[in-house]
Amino acid sequence: MRDAYVIDTLAEDNYMWALRDPDLVAMKLALMQEEPYEWLRGTAAVYWRDLATPGVDRPVTKFGDPLSSRVLLVADPHPENIGSFRASDGTMRIDYDDFDAAGYGPFEGDVRRLAAGMIVAAAGAGPSPADIASAVAAAYQAQIADLEAGVAPDPGTAPYLDKLIAKAQENGDAHKELADDVASPGVLATGDLDPVDAYGVVQNRVESIGTTEHDLVTGALAPLLAAHPEVGAIEDIGRRYGHGVSSYPALRYLVLLAGVTDSPSDDRVLEIKEERDGLDIANVPQLDSSEWSSPGQRATDAAHRLWLRPDEDVLWSHGEATPLSFVTHDDADYQRGVDHGDLAALAGSDAEQYLQVCGVFGRLLARAHGLATTEDGLRGADVIANVLGDGFADEVAGFAPADAAQITTDWMALKDRDLASLVVQP
């Protein structure tokens, strides 16, 4: 019964992509089957559907009301959707970097999703699942209380995150993305830039495109290029495969831009990615608010509202090529993501620091929720503080380990099945 429910949800979630490119959806499913964390990344729709249908094994939070159920959410705040940014003034910071699923919904669902992600990322090492979830929730609650009291947000840091930022700064200053992505001045590298993995899943492939796709991308990018003449003209465009998990089948393109001089030293690379709306599940993140005209506009608006400052990536924008909608972001190596393998190693070697990282991520989420306005136009911190109280961390410490266990149980049940034949409709 559970297997059929999960398969049906995956089929609904991937339906339009499967009609267009069933091979890419099959590859996405194979990637999800490789390990529990990849399964978590591809099953946000299952998580939110579970949350929306409480029962004997799906208890309802005691910390919520109608107003706090219309908070602007990241909606998939697992740790690999967190990374470094270099703002317009050169400041480096850690923040959320994926808003594909962002929308309005119950704040505690985001907290549980983050906590479950940190539990799955630990891969059974280090702190107990309850301690991980409690660390996330307690830090979240403390940051909301600070915001409500007028204290400036401070997520704190940890040595692991300091090293991540230092490496991102080093790679960004060296323009490492140009060395990786460019074959010669003005020309993107093509082919498999990383080897196809042992399961046959493409990891990082770039292919040349034809006139139709070139016109699609240049049309979608036109507003951004007009607003930022400093990035220069388009020199080359390539179709990118092998990035993301939930969005693995999405159209992605790398765009090489010439800068303002003839020297390749000021060239830069952007990624432009197809954005879509996910499943419409009652009482969970709502993606169809009338304030958003397209999926790309939704994801861009959410990013600018959920970040501490809207210039963390000055090139983050949306472009439309009806019926497709896109989000564009800087592909510079200043933007370096958290890696779940690194987190598993950290959990096994330094449990105390792992809990410290959980706290940083919990405070980041609270700051995002708390400073953004809700669907009702209220400050998130005000409506969330109104329902938080003693026992919140204990509740999350009970719920999130069960969420993580369900993710692992689903993966175990389906990791050896021929999911492509079940999910991808002929």
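Conventions we followed
- Residues numbered from 1 in each chain as written.
- Predicted model: local features only at pLDDT ≥ 70, side-chain atom pairs only at ≥ 80, totals over all residues.
- Heavy atoms only, no water.
- Phe/Tyr/Trp six-rings, centres within 6.5 Å; stacked < 30°, edge-to-face > 60°.
- Helix = DSSP H or I, 4+ residues; strand = E, 2+ residues; numbered from the N terminus.
- Lys NZ or Arg CZ within 6 Å of the ring centre and 35° of its normal.
- Expected span 1.5 Å × (residues − 1).
- Buried < 20%, exposed > 50% of the residue type's maximum accessible area, 1.4 Å probe, protein only.
- Contact = heavy atoms within 4.5 Å.
- Axes fitted to C-alpha atoms, helices over the stretch in contact; angles between N-to-C directions.
- Parallel < 35°, antiparallel > 145°, perpendicular 65-115°, else oblique.
- Nonpolar A, V, L, I, M, F, W, Y, C, P; charged D, E, K, R; others polar.

### Details of the packing of aromatic side chains
- Under the criterion given, the structure shown has ten aromatic pairs.
- Judged by centre distance (5.8 Å) and plane angle (75 degrees), the rings of Phe99 and Trp316 are edge-to-face. Of this pair, Phe99 sits in the loop between β3 (92–96) and β4 (103–105) while Trp316 sits in the loop between α11 (295–306) and β12 (317–321), placing them 217 residues apart in sequence.
- Taken together, the ring pairs in this structure connect Phe63, Phe107, Tyr140 and Phe392 into an aromatic cluster.
- Just above the ring of Trp17 sits the side chain of Arg276; from NZ or CZ to the centre is 4.0 Å.

### A closer look at helix α1 (residues 2–13)
- Between the first and last C-alpha of α1 there are 16 Å, a value that for twelve residues agrees with the 16 Å anticipated at 1.5 Å per step.
- Within the sequence span of α1, burial applies to Val6, Ile7, Thr9, Leu10, Ala11 and Asp13.
- In this fold, the buried residues of α1 make contact with α2 (15–20), α3 (22–32), α4 (36–42), α5 (44–52), α15 (392–414) and α16 (419–423).

### Thoughts on the environment of Ala303
- Mapped onto the fold, Ala303 is located in helix α11.
- With 103 residues separating them along the chain, Ala303 and Gly200 place their C-alpha atoms 33 Å apart.
- Apart from the residues lying within four places of it in its own chain, the contact partners of Ala303 are Phe99 and Trp316.

### Describing the packing of helix α6 (residues 107–122) against helix α12 (residues 340–349)
- Between α6 and α12, the shortest axis-to-axis distance is 7 Å and the interhelical angle comes to 75 degrees. Classed by the angle they form, the pair α6 and α12 counts as roughly perpendicular. In this structure, α6 uses Met118, Ala121 and Ala122 to contact α12, whose residues at the interface are His340, Leu343, Ala344 and Ala347.
- Here the residues of the contact of α6 with α12 are counted per class, giving six nonpolar, one polar and no charged.

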